[in-house]
Amino acid sequence: MANYSYDEGGNMAAYFIITFLALILVPLTLSISTSHKKTLDGCQCSLCGEQRLRIAKREKGSIFTPRFSAKTIFIIGGWAVFAFLSYKVANAKMDNKVYDPFEILGLSISATEKEIKSHYKKLSKIYHPDKVKASVNQTIEEIQNKFVDLTKAYKSLTDESIRENLRKYGNPDGPQQTSVGIALPKWIVESKNNVWVLGVYGLIFGGALPTLVGRWWFGSRQKTKDGVKTSSAAAFFKSLKEDSTMDDVVGTLGQAYKWEFRSKTKTEDAAELDRLEKNIALTAPKQWETLRIVIDAGKNANQRKATILLYAHLLRLNVEQPNLQKEQTRILLQTPVLLNALLNISISRNWLIPTIYVMRLHAYLAQALLPRASPAKQDRVSQLPGITGEDTLKADDLAGVVDELERNGDSRAEDVKKAIAGWGRLELVDAAYKVIGERIVVPSSIVYLTVKLRLVPPSSSSPVISEKALSVEEVKRSIKANDQKDEEFLMGRNDAEPIEGEGAWAHAPYWPENRKPGWWLILADDKNSRVVVPPMKITNVPFSNPTAGDRNYRTYKLQFQAPQAPGMYTWKIYLVSDTFVGEEVSRNMTLKIDDLSALNADEQPSEDEISDPDEDSLAGQMTAMRGGKVKKGAPRDEESDEESSTDDDQESGDDSSSDSD
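In short, a report on the structure. Residue numbers here run from 1 along each chain, matching the order of that chain's written sequence. Where totals are concerned, whole chains, interfaces and linings use all residues; where local detail is concerned, this predicted model gives features only for residues with pLDDT of at least 70, and gives and counts side-chain atom pairs only at 80 or more. The side-chain numbers reported here are obtained from all heavy atoms of the structure, hydrogens and water having been left aside.

Description of empty space enclosed by the protein
The following threshold applies: Both cavities and pockets are sets of points on a 1 Å grid over the protein atoms alone; in a cavity a 1.4 Å probe fits but cannot get out, in a pocket the set is open with protein on both sides within 12 Å along at least five of seven lines, and lining residues sit with an atom within 4 Å of a point. Grid points are joined across faces, edges and corners, and a volume is the space filled by probe spheres set on the points. The classification used treats Ala, Val, Leu, Ile, Met, Phe, Trp, Tyr, Cys and Pro as nonpolar, Asp, Glu, Lys and Arg as charged, and all other residues, Gly among them, as polar.
Applying the stated rule across the entire model yields three cavities of 30 Å³ or more. Computed from the structure, the largest cavity encloses a volume of approximately 80 Å³. Residues of the lining of the largest cavity, tallied by class, amount to seven nonpolar, two polar and three charged.

Rendered as structure tokens:
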């Protein structure tokens, strides 16, 4: 009969918990160790250096107030529990030890019977209860048990019957009860605790678990796939129009803070908000008046607070209260998510103008500049460190700004030069439509828009490195090698050609996070103000390096399906920066769709590729009812059918005559 024992010491349950924790903690720990943020180079101007220090302090905290994420806290706590349980298990007393008489007597397995008897006599003289005096830490029962164990071990090695029990049952006393351990404390299954145990189970599985699932379910229903509240998405959908201006786009964005931003305003913060609102109304009265109408219509304190802090950032107004500074940072870091949701709504309706405005708004927020419909010259210059809208500079480009500041002996020239050194102006090297394996584009084919991009210094007076003159054969080999690489890239899955390096942090001294420059590539019908292909985000564009060889750029591809009708389609590609105001590139791109008849005979699709259904099949009958082409079935041979039927009749007649016989 089995003897069931409960885990009073918790040792067996500890093994299960240790295994479970190891399966979870090891991958999480490795993910943290391999997902550390890469240290990239960035803009070396003084403002960017100070901002990076503030960002590092906010993310890491200080020695006395370190910042740990929930994931880090869970890992630390998990390893602490793992260490405690491991220590407990390592020092636990094991009751299921295998009985070994040689170990009890202190003999080796190869000892002879004579050696066993001699050794037992020596031990008897030492451990006999009559000859041992109990010490402070010993009791008479312990001394007697020790001698009993020695005697039992001796007999199991010398007495035949006891040795037989040891051989058959593993114990000198004969068969023992089967012991089954249950990894549960005994108090859980005791009858007096049934009500409490059932109550805990009821609370966990009947209350806590449904509550967690319900919160997850209803919480997920309140947000869209873009990560914004459904109320915000509905407001975007209703407010955004095809003819929306930049101010309308900003006002539409401000409506979302009614649901996306939650906070309590303290008394000192309210006074600071009033001061900021007055400064905003004086600095940008027209824009603030438009937003004021939206705020008054919403009648929401959170919306007003978020809009004031957002415009304080755009106008570079100083926020003094620490609480408002933290909330402003939270609002700014949340704004790109809202803008992406707004962008998707505009793209879903194929509206070009609002789409361009939303893209440009990213850059205005990154550089803390008041948004305009079209970037002005002053906006581009105001991105430089120390330059504001009040400075009257005559230069038309960034390089001219440096020259003008140096001529005037301005101390800001050195800092501006550092910012321009890592700025990078986007250059469109080449753009083309390509179809894999085809020389022309036919209706409904899969087309790839390939663009070759690189960054060049914004300075027009940058030194030009003369390239080595190549022979005709070298030029041919270079063109052939580049065409082969382009073909391999088109056949691959990646949207961007692989390169080495991760780029650098952009010049964004007012943005509360390290930022890498990016661009949107969008194909549009400029005449009808329609988006033809949804935009693609482009990052890690390399700087120009003439010494790198023939492929001094990076290739990107945008896939779409060609129109169904042949003709000439005059479209335009836009490359809009999400970090720098005014850094945009556009080019007209005409797509020619040829009819299938323009293909050569060997390029025409064969019958095996697209075959008509058979007339006798169900698909053929359905196609014939719709007026489509079907394959005619093979003509039936009537004579052979008649002959076969005659033969069958004759055979049946012969069979009947033979039966009658």
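Some remarks on the environment of Thr-265
The criterion, for reference: Every helix listed is a DSSP run of H or I at least four residues long, and every strand listed is a run of E at least two residues long, numbered separately from the N terminus.
Examined against the element boundaries, Thr-265 turns out to sit in the loop between helix 12 (257–260) and helix 13 (267–283). Taking the C-alpha atoms as reference points, Thr-265 and Ala-301, 36 residues apart in sequence, are found 8.7 Å from one another.

Focus: the sheet that holds strand 6 (residues 530–539)
Applicable threshold: Two strands qualify as a pair provided that DSSP identifies no fewer than 2 bridges between them. Every angle, taken between N-to-C directions, lies between 0 and 180 degrees, and every axis is a line fitted to C-alpha atoms, over only the stretch in contact when it is a helix.
If you walk across this open sheet you meet the four strands as 6-5-8-9, and the pairing is antiparallel. Of all the strands in the sheet, the pair left with one neighbour each is strand 6 and strand 9 (584–593). Going across the sheet, the axis of each strand differs from the next one's by a mean of 20°, ignoring polarity.

Considering the layout of surface pockets
Roughly 1,200 Å³ of volume is contained in the largest pocket. Arg-54, Arg-58, Gln-325, Thr-329 and Pro-512 are the residues nearest the centre of the largest pocket, which is lined by 30 residues in total. At the level of secondary structure, the elements contributing two or more residues to the lining of the largest pocket comprise helix 2 (46–60), helix 15 (301–314) and helix 16 (322–348). By residue class, the composition of the lining of the largest pocket is 13 nonpolar, eight polar and nine charged.

Considerations on the environment of Trp-79
Defined as follows: Under the scheme applied here, a residue whose accessible area is under 20% of the maximum for its type counts as buried, over 50% as exposed, and between as partly exposed, the area being computed with a 1.4 Å probe on protein chains only. The contact rule is simple, with two residues in contact once any of their heavy atoms fall within 4.5 Å.
Looking at the element boundaries, Trp-79 is found in helix 3 (residues 70–90). You can call Trp-79 partly exposed: its relative accessible area is 31%. When the C-alpha positions of Trp-79 and Thr-29 are compared, they lie 9.8 Å apart, and in sequence the two are 50 residues distant. If we skip the residues at most four places from it in the chain, Trp-79 touches Leu-25, Val-26 and Thr-29.

Thoughts on a nonpolar patch on the surface
Our working rule: Like-charged residues within 9 Å of one another, or nonpolar side chains (Val, Leu, Ile, Met, Phe, Trp, Tyr) within 5 Å, are grouped into patches, provided each residue has over 30% relative accessible area and no salt bridge. In this description, accessible areas are obtained by the Shrake-Rupley approach with a 1.4 Å probe, and a residue is regarded as covered only by the protein chains that are shown. Salt bridge criterion: a side-chain nitrogen from Lys or Arg within 4 Å of a carboxyl oxygen from Asp or Glu.
Nonpolar side chains collect at one region of the surface, where Val-200, Tyr-201, Ile-204, Phe-205, Leu-209, Val-213, Trp-216, Trp-217 and Phe-218 lie side by side and expose about 980 Å² of accessible area between them. In this fold, Tyr-201 is placed in helix 9 (residues 194–221).

Here we look at the side chain of Ser-577
Going by this rule: Under this definition, polar contacts are N or O atom pairs within 3.5 Å; protein pairs additionally need one hydrogen-donor-capable and one acceptor-capable atom, and for neighbouring residues in sequence, both atoms have to be side-chain atoms.
The residue Ser-577 is located in strand 8 (residues 567–577) in this model. The exposure class of Ser-577 is buried, given its relative accessible area of 2%. From its side chain, Ser-577 meets the backbone nitrogen of Thr-579 in a polar contact 3.1 Å long. A distance of 3.0 Å separates a polar side-chain atom of Ser-577 from the backbone nitrogen of Phe-580. If we skip the residues at most four places from it in the chain, Ser-577 touches Met-359, Ala-363, Gly-518, Trp-519 and Glu-583.

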